[in-house]
Amino acid sequence: MSSAIEVRNLQKSYTGFGLQNVSFCVPQGSIVGLIGENGAGKTTTIKAILNLIDIGGGEISVLGSPNKITKRTREDIGVVFDDICFHENLSVSQLGKVMQGMYKRWDMALFKQYCQRFSLDSKKRVGDLSKGMKMKLSITVALSHQPRLLILDEATSGLDPVMRDEILDVFLDFIQDEQNSVLLSSHITSDLEKVADYIVFIHQGKVIFSLTKDTLLYQYGILRCRTDEFKQIDKDDILAYQKKDFEWEVLVADKEKAAQKYKKCVIDHATIDEIMLLYIKGVQQCEG
Amino acid sequence: MEIVISSNTSKPIYEQITSQIKALIMSGELQTGDPIPSMRAMAKSLHVSVITVQKAYEDLQRDGFIETTVGRGSFVSASNRDFIQEEQQRKAESHLQEAAEIGRTSGISLDKLIELLTLFYTEEA
């Protein structure tokens, strides 16, 4: 399987913050979720992929063209950021016409169809739309020029559960064509738990893990135990741990194995949120 | 063809998919040569990731329930049902044998094991 996006050893330094050796890939036909706390480097990574910032080092290839996004690849990429940058005075239908002039493969019928599906009033001014509606408009525009790759930064954050579900439907529709791929960053990990194939976790400018979602959900587990039990746990089994007031929480990579080895301890399923929390707030034993 | 997925059991979603498709084939609702939905279509309608369905289909293929041809999709395998049943029975036998051995060596009574098996068998209908 070839990759839609391949990032290798990406470096970028700002004062007080930087990306260090960020590597991951987005295989064609898959949905990849980028997670991490605010300021972890998600948006910087996305900007680097889109060639909006100069990178300090490393290689990025997008849809087979290395390092520079060309005019051709720009046509093939649909981008949605968390704030909208269309002109406030245009109406929705006028915006459609402006975009038609920008993209060669703009599909006006598709644009209208999405507007209807998302109940966007074509006469309304962009400036008068609510935040959620603006987000829908942004996604509509990104999809209407028939991209091969969708890149979304916090696109589902301002939306209600019904709308988020509909957007997930749109993503799954989009990848019915195996050539298409999606990279999305989101704080709402329950959405990613549903549709994402791979999860990439960035923390303090580094990739902590890049794994299939099923590995995280079905193999990772959280072991809860008392202090004397904690001392007996093999250090190699611990990915991260945290001491709470009454118990220790330990993240393990294989919950079945851990359940056999440490029979006295409680072992729970780990949600993506819990895994993130333990890595960020707990003590890391080794980087996985 | 109907598949019901529960999102709050400990059973992984791919296992839920495989066991239900197996049941449909064993009950005869899906016949040899019947097409089954493409991985992407199933992922979309169940709202799960493609890789999850892919894993389910790979397991089904490994156990001889379905066949996948590139470009044509997946179909219920031609190997007959008796054969599959026999194969599955052999699998169950070997697991039971193991259980019996554990029971014998650690003094778990036969009645206890039967009781446990009955419990497991009726629990997940």
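**Regarding helix α3 (residues 92–102) of chain A**
Residue and element names in this part refer to chain A. Those residues of α3 that fall on the buried side of the exposure criterion are Val 92, Leu 95, Gly 96 and Met 99. In a view along the axis of α3, the buried residues occupy a sector of 105°, so they form one face of it. The exposed residues of α3 that point more than 90 degrees off its buried face are Lys 97 and Gly 101. Against the buried residues of α3 lie α4 (108–117) and α5 (131–144).

**Looking at the domain arrangement of chain A**
Residue and element names in this part refer to chain A. Here the domain parsing of chain A yields domain 1 (3–215) and domain 2 (219–281). Between domain 1 and domain 2, the C-alpha centre-to-centre distance is 34 Å. With 14 residues of domain 1 at the interface, the matching set in domain 2 holds 9 residues. Roughly 1000 Å² is buried in total at the junction of domain 1 and domain 2, and carbon and sulfur atoms are behind 73% of that figure. Connecting domain 1 to domain 2 are 0 salt bridges. Here domain 1 is connected to domain 2 by 4 residue pairs in polar contact (both at pLDDT 80 or more). Looking at side-chain class alone, the side of domain 1 that touches domain 2 contains 6 nonpolar, 4 polar and 4 charged residues.

**Description of the sheet that holds strand β14 (residues 266–269) of chain A**
One key point about sheets: their strands pair by backbone hydrogen bonds, in either a parallel or an antiparallel sense. Residues and elements named next belong to chain A. In spatial order, the strands read β14-β11-β13-β12-β15; together these 5 strands make up an open sheet with antiparallel pairing. Bordering the open sheet on either side are β14 and β15 (283–284), each of which pairs with just one other strand. Taken together, the 5 bridges between strand β12 (residues 238–243) and strand β13 (residues 248–252) define a ladder with antiparallel strand orientation. Residue pairing in the sheet places Ala 240 in a bridge with Leu 251 of β13. Strands in contact with helix α11 (residues 272–281) are β11 (221–225), β12, β13, β14 and β15; relative to β12, the strand with the most contacts, it is inclined by about 75°.

**Here's the deal with the sheet that holds strand β6 (residues 77–80) of chain A**
Residue and element names in this part refer to chain A. One open sheet holds the 6 strands; their spatial order is β6-β7-β8-β3-β9-β10, and the pairing between them is mixed. Each edge of the open sheet carries a strand with a single partner, namely β6 and β10 (206–212). Strand-to-strand twist of the sheet, defined as the mean angle between neighbouring strand axes without regard to direction, takes the value 15°. Here 5 bridges tie strand β7 (residues 149–153) to strand β8 (residues 181–185), and the two strands are oriented parallel to one another. The residue of β8 that forms the bridge with Ile 151 is Leu 183. The strands touched by α5 are β6 and β7; relative to β6, the strand with the most contacts, the crossing angle is about 170°.

**Brief notes about the packing of aromatic side chains**
Inspection of the entire model under this criterion finds 12 aromatic pairs over all chains. When the ring of Phe209(A) is compared with that of Tyr220(A), the centres are 6.4 Å apart and the planes differ by 55°; the resulting orientation is tilted. Of this pair, Phe209(A) sits in strand β10 while Tyr220(A) sits in the loop between α8 (213–218) and β11, placing them 11 residues apart in sequence. Across this residue pair, the class does not change: Phe209(A) and Tyr220(A) are buried. Ring geometry for Tyr218(A) versus Tyr14(B): centroids 5.7 Å apart, planes at 75°, classification edge-to-face.

**Observations regarding the pattern of salt bridges**
Opposite charge on two side chains lets them pair, provided their charged atoms get close. Evaluated as defined, the whole model comprises 26 salt bridges over all chains. Measuring nitrogen to oxygen at the nearest pair gives 3.3 Å for the salt bridge that ties Arg62(B) to Asp63(B). According to the relative accessible area criterion, Arg62(B) is exposed, its value standing at 59%. Close ionic contact of Asp63(B) with Lys91(B) constitutes a salt bridge, the shortest N to O distance being 3.7 Å. Note that Asp63(B) is positioned in the loop between α3 (50–62) and β2 (66–69) and Lys91(B) in helix α4 (residues 81–105), a separation of 28 residues in sequence. A relative accessible area of 40% places Lys91(B) in the partly exposed class. The network of salt bridges with shared partners includes Arg224(A), Lys244(A), Glu247(A), Glu249(A) and Asp268(A).

What counts and how
Residues numbered from 1 in each chain as written. Chains lettered and ligands numbered in written order. Predicted model: local features only at pLDDT ≥ 70, side-chain atom pairs only at ≥ 80, totals over all residues. Heavy atoms only, no water. Buried < 20%, exposed > 50% of the residue type's maximum accessible area, 1.4 Å probe, protein only. Helix = DSSP H or I, 4+ residues; strand = E, 2+ residues; numbered from the N terminus. Arc of directions from axis to C-beta. Contact = heavy atoms within 4.5 Å. Domains from an automatic or database assignment. Buried area = accessible area lost by both parts, 1.4 Å probe. Salt bridge = Lys/Arg side-chain N within 4 Å of Asp/Glu carboxyl O. Polar contact = N/O pair within 3.5 Å; in protein donor to acceptor, adjacent residues only side chain to side chain. Nonpolar A, V, L, I, M, F, W, Y, C, P; charged D, E, K, R; others polar. Pairing = 2+ DSSP bridges. Axes fitted to C-alpha atoms, helices over the stretch in contact; angles between N-to-C directions. Phe/Tyr/Trp six-rings, centres within 6.5 Å; stacked < 30°, edge-to-face > 60°.

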